[in-house]
Amino acid sequence: MAHVELSISEAFPTPTTSSLGHGSTGFDDADRAGHRDGLARWSESVSTAAEPCLLIDRETTIAAVSPSCCHLLGLGTPLDALGLPLLGSDLRLLDFTAARGELIEQEVEKIPPLLALHSGRLARGLLRVRTPQVQGPDATTVDAIATPILTDGRVAGSLTFFSEV
């Protein structure tokens, strides 16, 4: 039987005109002049981040990934992974049984990047990942913390940070 530990928390509310007073939107003039959605803003940061992180859009397509995340999860290079569906990429998620079989569809839906995307809440969990660099039955265990990315008050994607356990 597969075992995946998860936790969910409320996402932080975004600033609104009424909560800030005097017609302020919570964004500076540069943001108002060239409004970009949350995915576009985070995409630049994720692409150049030193930390292992991954940004997916509403359709679970990889919108940005850091080089260290590609190495950790066995996704090739950021350019190779960009635009691929998260679950259709080279990412191989394993269960926590001794057999280390691939996760079944019901368990895959509970991984933090997808859980944050579908629930609109923070999500955290452990993942067992088989990477091309690791031969045989061995796998890497990573801690994943995901947050939904909002655009106009709706979930547009999720941002996940990983750390090897």
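This text follows the structure it describes.
Visitor: Before we go on, may I ask you to explain the pairing of strand β5 (residues 122-130) in this structure?
Guide: Put simply, side chains in a regular strand alternate between the two faces of the sheet. Two elements, strand β4 (residues 92-94) and β5, share three bridges in a ladder whose sense is antiparallel. Its bridge partner lying in β5, L93 is registered against V129.

Visitor: Before we go on, may I ask you to explain unusual backbone geometry in this structure?
Guide: Peptide bonds are, in most cases, trans, and in most cases residues other than glycine have a negative phi. Of note in this structure, T60 is not a glycine but carries a positive phi near 65°. Note on placement: T60 falls in the loop between β2 (53-57) and β3 (62-65). Of note in the backbone geometry, R100 takes a positive phi value of approximately 55° without being a glycine.

Visitor: I keep staring at the pattern of salt bridges and nothing clicks. Help me out?
Guide: Pairing between side chains of opposite charge can happen when the charged atoms of each approach one another. Under the defined criterion, the tally for this structure stands at one salt bridge. Across the salt bridge formed by D143 and R124, the nearest N and O atoms sit 2.5 Å from each other. Of this pair, D143 sits in strand β6 (residues 140-151) while R124 is found in strand β5, placing the two residues 19 residues apart along the sequence.

Reading guide: rules and limits
Residues numbered from 1 in each chain as written. Predicted model: local features only at pLDDT ≥ 70, side-chain atom pairs only at ≥ 80, totals over all residues. Heavy atoms only, no water. Pairing = 2+ DSSP bridges. Helix = DSSP H or I, 4+ residues; strand = E, 2+ residues; numbered from the N terminus. Salt bridge = Lys/Arg side-chain N within 4 Å of Asp/Glu carboxyl O.

By themselves these figures say nothing about function.
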